[in-house]
Each structure stands twice: as structure tokens, then as C-alpha cells.
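Examination of the molecular architecture
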Amino acid sequence: MTDTKKGMDWIIEMLRKDQSPNGSWDYPFETGISTDAYMIILLRTLELHDEELIQGLAKRIISKQEENGAWKLFYDEGSGNLTATVEAYYSLLYSGHYSKNDKRLVAAKRFILANGGLEQVGMFTKVMLALTGQYTWPSYSPLPIELILLPLHFPINFYSFSVFGRANLTPIMILADNQFTIKTDKSPDLSELYLNREAENHWDRSDHYRSLFSYIKDGVESLLGLPKQLHQLAIERAKKYMFDHLEPDGTFYSYYSSTFLMIFALLSLGYKKTDPVLTKAIKGITSMKCEIDGFPHMQYTTANLWNTSLISFCLQAAGVLPEDPMVKQANQYLLERQHRKFGDWVIHNPKTLPGGWGFSDINTINPDVDDTTASLRSISRVIPPEMQAWGRGITWLLSMQNDDGGWAAFEKNIDSKMLQFLPIEKAEFILADPSSADLTGRTLEFLGHYTNLSQDHTAIKKGIHWLLRNQERDGSWYGRWGICYLYGTWAAITGLMAVGISARNASIEKAVKWILDKQNNDGGWGESCHSDSKKMYISLPASTLTHTSWALDALISVADKPTAEIKKGMTYLLHSLEKVDWTTQYPKGQGMAGAFYVHYHSYRYVFPLAVLAHYHKKFE
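None of the values given here were measured: they were computed from a predicted structure. (Residues numbered from 1 in each chain as written. Predicted model: local features only at pLDDT ≥ 70, side-chain atom pairs only at ≥ 80, totals over all residues. Heavy atoms only, no water.)

**A closer look at the overall build of the chain**
Summing up its helical and strand segments, the chain has 25 helices and seven strands in all. Relative to a compact globule of 620 residues, whose C-alpha radius of gyration would be 25 Å, the chain shows 24 Å and is just as compact. If one aligns the C-alpha atoms of the chain with their principal axes, the spans along those axes are about 65 × 60 × 45 Å. Summarising the internal contacts of the chain: among those between residues at least 6 apart in sequence, 74% fall at separations of at least 24. Working note: accessible area of the chain is about 24100 Å², and carbon and sulfur atoms make up 52% of it. Charge separation in the chain, taken as the distance between the mean sites of 62 positive and 68 negative side-chain charges, equals 1 Å. (Helix = DSSP H or I, 4+ residues; strand = E, 2+ residues; numbered from the N terminus. Rg over C-alpha atoms; globule rule 2.2 N^0.38 Å. Contact = heavy atoms within 4.5 Å. Areas by Shrake-Rupley, 256 points an atom, 1.4 Å probe, with all protein chains shown as cover. Lys, Arg positive; Asp, Glu negative; His and termini not counted. Charge placed at Lys NZ, Arg CZ, Asp CG, Glu CD.)

**Notes on the packing of helix H6 (residues 123-131) against helix H10 (residues 256-268)**
Running from amino to carboxyl end, H6 crosses H10 at an angle of 30°, the nearest separation of the two axes being 12 Å. Put simply, H6 runs roughly parallel to H10. The two elements H6 and H10 cross, and the hand of that crossing is left-handed. Across from Phe124, Val127, Met128 and Leu131 in H6, the residues of H10 making contact are Phe260, Leu261 and Phe264. Residues of the contact of H6 with H10, tallied by class, amount to seven nonpolar, no polar and no charged. (Axes fitted to C-alpha atoms, helices over the stretch in contact; angles between N-to-C directions. Parallel < 35°, antiparallel > 145°, perpendicular 65-115°, else oblique. Left-handed = near helix turned anticlockwise from the far one by under 90°. Nonpolar A, V, L, I, M, F, W, Y, C, P; charged D, E, K, R; others polar.)

**Section: the sheet that holds strand S1 (residues 29-30)**
Strand order in this open sheet of three strands is S1-S7-S6, and the pairing throughout is antiparallel. Strand pairing shows two members of the sheet lacking a second neighbour, S1 and strand S6 (589-592), which therefore form its edges. Sheet topology places S1 next to strand S7 (residues 596-600); two bridges connect them, and they run antiparallel. The residue of S7 that forms the bridge with glutamate 30 is histidine 599. (Pairing = 2+ DSSP bridges.)

**Brief notes about the packing of H10 against helix H11 (residues 276-286)**
The geometry of H10 relative to H11 is characterised by a closest axis approach of 10 Å and an angle of 160° between their N-to-C directions. Classified by the angle between their axes, H10 and H11 sit roughly antiparallel to one another. When the axes of H10 and H11 are compared, the crossing they make is left-handed. Residues Tyr256, Thr259, Met262, Ile263, Leu266 and Leu267 of H10 pack against Val277, Leu278, Ala281, Ile282 and Ile285 of H11. Of the residues belonging to the contact of H10 with H11, the class tally is 10 nonpolar, one polar and no charged.

**Some words on the pairing of strand S3 (residues 295-298)**
Sheet topology places strand S2 (residues 289-292) next to S3; four bridges connect them, and they run antiparallel. By the bridge assignment, isoleucine 292 is partnered in S3 with phenylalanine 295. Between S2 and S3, which pair antiparallel and follow one another directly, the connecting turn spans two residues, one of which, aspartate 293, has a positive phi of 55°.

**Section: the nonpolar core**
Counting 202 residues, the largest nonpolar core has Leu15, Met39, Leu129, Phe264, Leu315, Trp407 and Leu609 as the members making the most contacts within it. Broken down by element, this core gets its largest block of residues, 11 residues, from helix H25 (residues 603-619). (Core = buried A, V, L, I, M, F, W, Y, C linked by side-chain atoms within 4.5 Å. Buried < 20%, exposed > 50% of the residue type's maximum accessible area, 1.4 Å probe, protein only.)

**Some remarks on the side chain of arginine 166**
The topology assignment puts arginine 166 in helix H7 (residues 163-178). For arginine 166, a relative accessible area of 0% corresponds to the buried category. For arginine 166, the side chain forms a polar contact with the side chain of aspartate 344, separated by 3.0 Å. In terms of polar contacts, arginine 166 uses its side chain to reach the side chain of glutamate 411, at 2.6 Å. Each residue touching arginine 166, except ones within four places of it in the same chain, is listed here: Phe158, Tyr159, Phe161, Pro171, Tyr241, Asp344 and Glu411. (Polar contact = N/O pair within 3.5 Å; in protein donor to acceptor, adjacent residues only side chain to side chain.)

**A word on the pattern of salt bridges**
Applying the stated criterion across every chain, the model contains 21 salt bridges. Here aspartate 344 makes a salt bridge to arginine 166, at a shortest N to O gap of 3.0 Å. Note that aspartate 344 is positioned in the loop between helix H13 (325-336) and helix H14 (369-379) and arginine 166 in helix H7, a separation of 178 residues in sequence. Note on accessibility: aspartate 344 and arginine 166 belong to one class, buried. Overlapping salt bridges, with partners in common, bring together Glu13, Arg16 and Asp324 in one network. (Salt bridge = Lys/Arg side-chain N within 4 Å of Asp/Glu carboxyl O.)

**A word on unusual backbone geometry**
Of note, the bond from isoleucine 483 into cysteine 484 is cis; its omega dihedral lies within 30 degrees of zero at -10°. Within the secondary structure, cysteine 484 is located in the loop between helix H18 (458-469) and helix H19 (485-498). Backbone geometry places glutamate 47, a non-glycine residue, at a positive phi of 55°. You can see glutamate 47 is positioned in the loop between helix H2 (34-45) and helix H3 (51-63). For glutamate 47, a relative accessible area of 45% gives the class partly exposed.

The analysis is restricted to geometry; functional conclusions fall outside its scope.
Have a look at this one:
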């Protein structure tokens, strides 16, 4: 087997070379071509002709096209993705650099029509098409905007949605209420992409939803006030919500989609294209541009803080001292970005002060559990426990435990079963923020290894019970924010082991057997993005560095000595560190099953380094 020290040294030098002057790592947060397409559509619609950017984005989009004319979200998706192909087709036409007669667009059109036409695209894409004049708004508002006025005790209210749901639905409710549409002289005509012109029939409206809609309407009518006044009050409340949640760079929650939608929502309310709020928002999302393979890519958000917290911790685990300038700078960057403002998390957790960390470089109001534990791990070697930053972080983290014993990402107890009846595609991902195995496992791993909490502490015992109750029958756990069962199972095993569960515990043994059953002949592991949609493990036709690292880390945590399977996996890992192919570019993160996947460029270094460090420390 190859030398683990040599592998660690190689990764450490790559990371040293890639660190930014401010101490962070700004590896791209890559999410396919949607944001690139939307940027072209936004700039053309607002008649902001940044030709260099538009041309660059168009070139990137065309470079990702498959031979059959389609675009995919991931390598093994199948023949292609209809929604992504429509977005690419529309943006390339709108860019003005490609015509309908271009053989590549002809092939794209053929794919679109063969797969259901515009009627079958995703809900967010329908909203974008409706507000740019390519699709008909439904005659009813998918959600009445007055919903924002319902009190917290009402079974469905604005704050029973996740923060991601609120960020995106607030501008959508304004846009749908106003039936807003904006076209320009350069707007393409997509009418030939319909199979059925009765487009309105294709906005989902089930019987379940009709009764829920009536229920919400009854709740609104029970509010004191005249309907017209309530409606205007709701509009003002929605606008205020957006303005109250602008980040310093002008973006709405630092998300591309919500900022994009907010710009159009404000236009629908009479704001001019030149209004400072709009120009700052556009500047904000433009500043999230990065470069990949020589092309510009519009990031959905930046991942600097997530990258930096993971990398700094792994460097220290691999023996880089806290005094090393690379680690020192990284930890200083993290400490400066601990949150001091209250965010929406306080609605369901009102007795705690801010103290968490967020995901992106400019995030100040939307902390999450994952970034908080990652940041605390990183500063644990340099910040004595009595320090204020450490104490605030731990207090916030413990306060965010859900009543069911698990931890979610952004908020507390946001998992109403009624949300599934709303006419929102992918509602479980957009509107809910339930406890998950990956968050709960990693939180337990942090509490067990980095704090002096007793294993009998109530929070730890409740977390253990949640994980044991939510193990799949086959022994795996589902990971909400990664791909997918390997991710969740790794987090659950390492978390349970950290808080005193024995390797001979039946749940651990079953999980280990599951991981071993998934090992490929080359010694590695690989899982398909299809797993999250199918709700079952689907193997990838090749091993990946990241999936292999998760599997190995879990196995190492339960082993007394290196097993044959661990040695085989380590050999694969060490021989593959420098490879660059489709497996290294394959998404390992997810935001929305079947629709939103993330290629974290940092993961190829982060997780192999963590595994090499753990193996070296335990066995060599």
C-alpha cells in the first residue's frame, strides 16, 4: 500500500497553494447550468447588455450539451433533463449568440418536444417562464399572499415553511398575485415548445390542495380587517420581509434564486430598473461569479465558510499546527464570521442568543447547524473552552435540537405534515427542514469528540435515540444534504461511535455490513444521484474519491485494526488522489432531489485528507 503521509503532504500543499488572501478557500459551489441560464435571461430582460459575461455564460452552457441535444444534471441521469434543457435553450436564444436554426438548438428542441414540452418543466422554471412572458400565470394564486399575515398558532403559517421556502415563495407570491410579465424586443418566442397550449392546466392543483387552499382562505378571512386592506397589508409585509433579509452585498439571503425572484417582484410593485435596491442586488449576484475550466459560472451562493471550516479542521487533524499561518488565517476568518445578528431561527427558538455560523462568505443572518459544528471543530484547538466565541457557538448549537431529538439545518421543528398538500413541487425539500441523519450524526460526533459533555447528557441521549429510530431497514441512513445513503450512514456511524455506542451494537454492525456490501471491485465506493429520488441506494458505475472517503472513515471509526476491506479502500484512495475525470466532477451534494445538485470542488481534498489523517493516527 502507498504511504499515507505522502498522500497527506500532497493534499496539504494543494490546499496551501489555493488559499485566498483573506484566509478562506473560495473553491466553486457548482450547481449545473441553471444559474448561468437565469443570469443571461435576467440581464437581457433588464436590458443590461454585459456582452462579455453573456457570451461567456452562453459558451459555458453550450459546452455542457450532450450529443443528443439535451443537458443533464449528472453523468448517469439518462438521456437528459427536460427542465435544464429548456433553461439552456431559452437562455441561448435570448443571448442572441445562437439562433433557432443552429443544429445544437434544433437538437435541443427535438429533445424538449420528445419529453413533454414546456408543460412538463419544474415549477420554478414555470415561474421564470411566466414572469418573462413565455408561460401563462394560473388564474388563481398558488398561495394567497395573505398567508403571510396568518398568526404563528395557525396550523399553516408563513413561519411553518423553512427559511429556504420563505426566501423563494415571498417574491413568487407577489409575482403570482400581480400576474407580472415583462418582455423586451429581444425576447425569444418559445410557443413552438408547447405540446398543448392549455398551459394553465399544468400548474398542479390536486383535490387535497383545493381543500387546503379553502382552509387557508378561511384562516385569512378570520383576520380582522377588510379584504382589500388585508391584501395591501400582505403585500407590504412581503416587501418588508425581503428588505429585512438583505445581506450586506444586496442579495436576498445570499441565494441566487431568491434574489433573482426579488428583483422581478420589486419590478412588479413599480420599482424602476435603476432603483438602488435592484442595482445592488444585481451587483451582489454578479459578484458570486467564479471561473471553471476557463468559463464564467454564476454560483448559487458562495461556499467559502463551509470550505474553510472543513479544510482548516482537516489540516489540523493531519498534523498542521494551529500556529501555521495557513490555519491561523483560516481560523481568524471563521471567528470574524460568527453570527451576532438574530435570524429567523429565533421565531421557533426565542430564548437563545446568536452564535452560529452560516454557509457563504457574506452570510450574516442565516446560520446553520452544519457550518456551526464544522467551524467549532476548526477553532477547538486554538480557542480555550472558556472563550466567548466557543461558548456562544455551543449554546446556539444545543438550542437548535428539534423536539424529536434530531438536528435539522437552519431552523427548529419545521416539519409540518400539512406542507405536503401544498401545490409546490419538491415541497419536502423546499418547504420542510426536518431532522436528518447527516446533521444529527455530525452534531453528535462534534459533541462527543470536542466537548466535555457527559454521554448521559439529555441532548446526546435524545440524538442517539433519533438516529437509532431512523435507521433504514437495510442498515443505512439517508443523508439529506449529500449523496446520499453513504453520506448519511458515514455521519450516523461516526456520530454514534463518538458518544459511546459500541462497535458491537446491532445497529452499528448492520450499518457496517451495509457499507461493506457496497464496496466496488476496485476497492472504492460510488453512489448515484438517483438515490435521492428513488429513496433507495443506487450505485454509480464507478468509484469516487469522496464516497470512498465517507465509507472508509466510517469503517476506520469502528475498526481495532485495518481490515482487508479498509486496506483495499485505502489503496484505491491513495492511487486516485490526483485523478481528474467525470467522477471527480460528479455532484456529491444535493439541495433538491431530482432538481438541484452540488459539485463541491473542495471535497476531493477535504474528505480524503480527513481519512488519511484518521488512518495514520489510528493504525500507523
